[in-house]
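# Summary of structural features
Below are the chains, spelled out letter by letter.
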Amino acid sequence: MNGKAAAAGMDGDAGSARRRPAVPRLRFEFDPVRTGSPWWMPLAAVFAALAVCAVFIAAGGTDPLAVYKKMLTGAFGTRFGLTETLVKAIPLLLCGIGVSIAYRISFWNIGAEGQFLAGAMAATAVTIYMPDLPAVLALPLMTAAGIAAGGLWGLLTALPRAYFQVNELISSLMLNYIALLLLDYVVFGPWRDPGGLNFPGSPMFTADQSLPAFGSTRLHFGLVFALAAALLYAFTFRHTRWGYELRLIGANPEAARNAGISLNKHLLLVMLASGGLAGLAGMAEVSGVAHRLMYGISPGYGYTAIIVAWIARLHPVGLIVSAFLFGGLIVGGYSVQTLGLPSATSEMLQGAVLFFLIAGAAFGMIRIRRVR
Amino acid sequence: MNEPHAVEMRRICKQFGALVANDNIDFAAKPGEVHALLGENGAGKSTLMSMLSGVYRPTSGEILIRGRSVNIRSPKDALALGIGMVFQQFRLVHTLTAAENIVLGEKSSVWRGASWMRRKTEEIGAVAERFGLKIPVERPVWQLSVGEQQRVEIVKVLYRGADLILLDEPTSVLTPGEADQLFEMLRQLRDAGKTVILTTHKLREVMEIADRISVMRKGRMVGTMNRYETNERELAQLMVGRAPAGVMRPAGRPPGKPLLEAEGLTVEAGKGRTAVRDLSLTVREGEIVGIAGVAGNGQSELAEVLAGLRPWRGGTIRVCGREWKWASVRTAIESGISHVPENRMKSGMAGSLGIVDNLLLKTYRHPERSRFGMLRSRRNRAWARSLVERFDVKAAGLDTPVRQLSGGNQQKLLFAREVDRDPKLMIAVHPTQGLDIGAAESVHRLLLELRAAGRGVLLISEDLDEVMQLSDRMLVMFGGTIVGEMSRENADRERIGLYMAGLQDAPGEEAS
């Protein structure tokens, strides 16, 4: 063993003088301090996702370019498509801002879906138990109920995390299923519309219980909620004391503790806000779009919102843009059905985007260097 | 003498930027000996070891293994030369078994089926047995005790054919009983012809286990000797060095009112460990009180309690005459305590945020900095700019993430924040750790300025020179309490060194 090791030592010694590589070797260094994802990384992720999905679409015997073109025109090419895209963008933006607030302090809330449903159910409860309120009372009450229910649903993840270190990823995900089953229970059971021919949904809302729409489109007042939320989100983080505290917690919780900031208190507040926004999205969806609570009220807005948030890098303007794009992706997914493709095509794209986004973030921390 | 050294390092220098971690080190270990590398934290022991194990490469100098000059470029090279390192932080995969962890680094570590694994497990068991190391090879690592995990690491390097075994602070994670077991194993390794080099700052261990001892101080090698030719007192003296260089230190006014009074303080550090026991100290206006001591004797916990970060179990704390009821950072901040934490980037700063945000950390609640729940951004920027100028912080801009600043500039920024609040009492923990000489000097100047302005400073440092240079009074902490106190005039390096080593009875001996 001794001799072998000594020989290796000789080799290493001689090698240092001899080994001048003709082709420069590359070295990959993990350096999260001085690197960061470049700004074009989200765009690259989207294009990579489009390219990879094109392979699958082509393998299915359809021309991917035709599919993408159809999606594009379906989502953004017509007045109807555009307003539909905006309609889908509203819950995505609200939920996206919601999860972004939580992600800013590294709280991995993936429960926007459940918080959305909680908000939708609470708003509907107002219509069920107080059916005859005038609009000036019904709508604010429904809004408040939606926000409160979403926020409370959010607290259900924050409280165990704050006091018992329960992993929020698991609890928030599980609470999604609880909310979903609760929804099934009320729409198949107590709240089912007696005149609805067994359709699993609540009675239709009255005009007083519906958010006003713009003109003859399905685009509703929720858009104002969403944009106001984006504005408030941007303002809070940039200019307010609370925003500063949250930025500090996000950047270094230990330093925040040193500044006398209570992490648990802010965790609860953040989840109240995060869930509240998702709850508001749920309220806007039942009151502005569906005009009733029904089975499958959310096509997974709460999950898509997570991708929306990451592709925007939690940035307010980015959130508006990406919510709009992902709204278009959902609408475009419907329109490709005429080409014989399932609307799940858009879900495949969403998944691929998230995949490349995460890969991009990981690679962004690696610096490539030539070895001299 | 005709037998070549197992390892020899000649004129080794290692620089990290402006910081010289190893300055012209000569070091040699004979085959079949246990060689201890003794020194305080930051003396450069780990750096030296890292160059042997291929983690770092020397800036200049030569390394010889068994008399041959070698070039160690990576841990793989080191292993090929028969050098194996057991790091302070174990590098084990917790969900795998001990045997799997050991096989993991092999070139052909691809899973080859159960029979192959069984054979490997047997081989590993045989290696462990040969050197008298008992490890439960089939158990997942997370079920093992710290001592057992360390044994797995040792078996790992043995299994890979190392005959020069480096251990970085091997006892720092062990209980005393486990440490005894470790020493027993190391003796067996030595008797089997292996060369063992370990780093430590504990004198007792050195005297117990080492055949030869090399002492390092501030990046230099100050001496190598046989164990039977030396004693703990001599080692302590070598470790902490000789008389300090003369420094400019203006005579202060006589200290004024007490700012901080702690009495009978007892602090738990989790897992039933008492970090601070029955400790009393006072810091007055216009004085610097230095706490010397080897790391891990309760200094960190003491500082955390005084900064309001950690609850205490017994005793009282009075700040400016007012007694604290419970631990609260807000109370500490508001009563004028300023805290320069041990690890500035870990707990003192938010690395990804810019200079303004980091300066605001302690004062953002003040009406000057925020009003009606809103930050006064324009005003804050101007204020930050003035601080950056006043404290000579070099940065590209006010929004540069502070983790991109140099260590010295980060510390200047932190001091800017803490001094600008005009604190009554500053608790500075290792304030110059990792700084080059220039930056360290400006930190010292700031501390002296605070003192001149009639503020109190509690300086906790492992750097005895620093404590002796700056302090009006010196306390030595060992085992969670103050074991020695002396005024500046009576300060005696040798005595402090012995106190630090926990040899409290030594001064008495000296008198006789």
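Calculation rules
Residues numbered from 1 in each chain as written. Chains lettered and ligands numbered in written order. Predicted model: local features only at pLDDT ≥ 70, side-chain atom pairs only at ≥ 80, totals over all residues. Heavy atoms only, no water. Helix = DSSP H or I, 4+ residues; strand = E, 2+ residues; numbered from the N terminus. Buried < 20%, exposed > 50% of the residue type's maximum accessible area, 1.4 Å probe, protein only. Contact = heavy atoms within 4.5 Å. Areas by Shrake-Rupley, 256 points an atom, 1.4 Å probe, with all protein chains shown as cover. Rg over C-alpha atoms; globule rule 2.2 N^0.38 Å. 1 Å grid on protein atoms, 1.4 Å probe; cavity = no way out; pocket = protein on both sides within 12 Å on 5 of 7 lines; lining within 4 Å. Points joined across faces, edges and corners; volume = space filled by probe spheres on them. Nonpolar A, V, L, I, M, F, W, Y, C, P; charged D, E, K, R; others polar. Salt bridge = Lys/Arg side-chain N within 4 Å of Asp/Glu carboxyl O. Axes fitted to C-alpha atoms, helices over the stretch in contact; angles between N-to-C directions. Parallel < 35°, antiparallel > 145°, perpendicular 65-115°, else oblique. Left-handed = near helix turned anticlockwise from the far one by under 90°. pLDDT = per-residue confidence, 0-100. Pairing = 2+ DSSP bridges. Phe/Tyr/Trp six-rings, centres within 6.5 Å; stacked < 30°, edge-to-face > 60°. Lys NZ or Arg CZ within 6 Å of the ring centre and 35° of its normal. Polar contact = N/O pair within 3.5 Å; in protein donor to acceptor, adjacent residues only side chain to side chain. Core = buried A, V, L, I, M, F, W, Y, C linked by side-chain atoms within 4.5 Å.

### Concerning the overall build of chain A
- Of the regular secondary structure elements, chain A holds 14 helices and two strands.
- Counting every position in chain A, which comprises 372 residues, the buried fraction comes to 50%.
- Intrachain contacts of chain A at a sequence separation of at least 6 include 78% that bridge at least 24 residues.
- For chain A, the exposed area adds up to about 17600 Å²; of that, 70% sits on carbon and sulfur atoms.

### Let's talk about the overall build of chain B
- Helix and strand counts for chain B stand at 18 helices and 22 strands.
- Taken over C-alpha atoms, the radius of gyration comes to 25 Å for chain B, in line with the 24 Å a tight globule of 512 residues would show.
- By its C-alpha atoms, chain B is 70 × 60 × 45 Å across when sized along the principal axes.
- The buried share of chain B, taken over its 512 residues, is 56%.

### Quick look at helix α12 (residues 301–311) of chain A
All names here are of chain A.
- Of all 11 residues making up α12, nine are buried, and the element is well covered by its neighbours.
- Listed as buried for α12 are Tyr 301, Gly 302, Thr 304, Ala 305, Ile 306, Ile 307, Val 308, Ala 309 and Ile 311.
- Where α12 is buried, its residues contact α2 (41–59), α4 (79–104), α5 (112–129), α11 (263–290), α13 (316–335) and α14 (344–363).
- Of the residues flanking the end of α12, it is Arg 313, one or two places downstream, whose phi is positive at about 55°.

### A few points about empty space enclosed by the protein
- The full count for this structure, using the stated rule, is three cavities of 30 Å³ or more.
- Approximately 50 Å³ is the volume found for the largest cavity.
- In this structure, the largest cavity is lined by A:Asn258, B:Ala307, B:Val329, B:Ala332, B:Ile333, B:Ile337, B:Ser338, B:His339 and B:Lys362.
- Elements supplying a minimum of two residues to the lining of the largest cavity: α10 (329–334) and β16 (337–340) of chain B.
- In the lining of the largest cavity, the residues fall into five nonpolar, three polar and one charged.

### Here's the deal with unusual backbone geometry
- Notably, A:Asn198 is not glycine yet its phi reads approximately 70°, a positive angle.
- With respect to the element layout, A:Asn198 can be found in the loop between α7 (168–188) and α8 (222–239).
- A positive phi angle is found at B:Asp422, which is not glycine, with a value near 55°.
- Among the secondary structure elements, B:Asp422 is positioned in the loop between α14 (407–420) and β19 (425–429).
- B:Asp422 sits in the partly exposed class, given a relative accessible area of 46%.

### A few points about the pattern of salt bridges
All names here are of chain B.
- Going through the model one piece at a time under the given rule, you end up with 32 salt bridges over all chains.
- Lys 362 serves as the salt-bridge partner of Glu 418, at 2.8 Å between the closest nitrogen and oxygen. Of this pair, Glu 418 sits in helix α14 while Lys 362 sits in the loop between α12 (355–360) and β17 (370–371); the two residues are 56 residues apart in sequence, bridging distant segments of the chain. Judged on exposure class, the residue Glu 418 and its partner Lys 362 are both buried.
- Three or more residues are tied together by salt bridges with common partners; here these are Lys 362, Arg 417, Glu 418 and Arg 421.

### What to know about the packing of α5(A) against α12(A)
All names here are of chain A.
- At a minimum axis distance of 6 Å, the contact between α5 and α12 shows a crossing angle of 135°. By the angle between their axes, α5 is oblique relative to α12. Crossing handedness for the pair α5 and α12: right-handed. Contacts from Ala 112, Glu 113 and Phe 116 in α5 reach Tyr 301, Gly 302 and Tyr 303 in α12.
- A per-class count over the contact of α5 with α12 returns four nonpolar, one polar and one charged.

### What to know about the confidence of the model for chain B
Residues and elements named next belong to chain B.
- Chain-level pLDDT for chain B is 85 on average; 93% of the residues reach the 70-or-more range.
- Overall, residues 506–512 carries pLDDT values under 50, and its contacts beyond four positions in sequence, including any with other chains, amount to seven contacts.
- Overall fold confidence (pTM) sits at 0.75, and the ipTM for the predicted complex is 0.80.

### What about the pairing of strand β1 (residues 7–16) of chain B?
Residues and elements named next belong to chain B.
- In this structure, β1 lies alongside strand β4 (residues 60–65), joined through five bridges in antiparallel fashion. The residue bridging Cys 13 from the neighbouring strand is Ser 60, located in β4.
- Summarising the sheet, β1 and strand β2 (residues 19–29) pair through seven bridges and their orientation is antiparallel. Within β2, the residue paired with Ile 12 across the bridge is Ile 25.
- What sits between β1 and β2 in their antiparallel hairpin is a turn of two residues, with Gly 17 showing a positive phi close to 60°.

### Some points on the packing of aromatic side chains
- Taken as a whole, this structure holds 11 aromatic pairs over all chains when the rule is applied.
- Note on A:Tyr103 and A:Trp108: the rings are 5.5 Å apart at their centroids and 40° apart in plane angle, and the pair reads as tilted.
- For A:Tyr103, a relative accessible area of 4% gives the class buried.
- Both rings, one in A:Phe355 and one in A:Phe356, keep their centres 5.3 Å apart while their planes meet at 90°; by these two values the pair is edge-to-face.
- The exposure class assigned to A:Phe355 is exposed, which follows from its relative accessible area of 55%.
- Judged by relative accessible area, which is 23%, A:Phe356 ranks as partly exposed.
- Taking NZ or CZ as reference, A:Arg104 lies 4.4 Å from the ring centre of A:Phe237, over its face.
- One cation-aromatic arrangement involves B:Arg369 over B:Trp383; the distance from NZ or CZ to the ring centre is 4.1 Å.

### Brief notes about the sheet that holds strand β11 (residues 258–268) of chain B
Residue and element names in this part refer to chain B.
- As summarised here, the arrangement of the four strands in space is β12-β11-β14-β15, forming an open sheet in which the pairing is antiparallel. This sheet does not close on itself; its edge strands, each paired only once, are β12 (274–284) and β15 (322–323).
- Note that β11 and strand β14 (residues 314–319) share five bridges and pair antiparallel. Note on β14: the bridge partner recorded for Glu 261 is Arg 318.

### Side note on the side chain of B:Ser335
All names here are of chain B.
- Among the structural elements, Ser 335 can be located in the loop between α10 and β16.
- For Ser 335, the side chain forms a polar contact with the main-chain oxygen of Thr 331, separated by 2.7 Å.
- Excluding anything up to four places from it in sequence, Ser 335 contacts Val 319, Trp 324 and Lys 424.

### Notes on the nonpolar core
- Counting 136 residues, the largest nonpolar core has A:Ile97, A:Leu248, A:Leu293 and B:Leu447 as the members making the most contacts within it.
- The leading source of residues in this core is α11(A), at 13 residues.
- Contacts of A:Ile97, omitting those with residues within four sequence positions, involve A:Ala226, A:Ala229, A:Ala230, A:Tyr233, A:Leu277 and A:Leu319.

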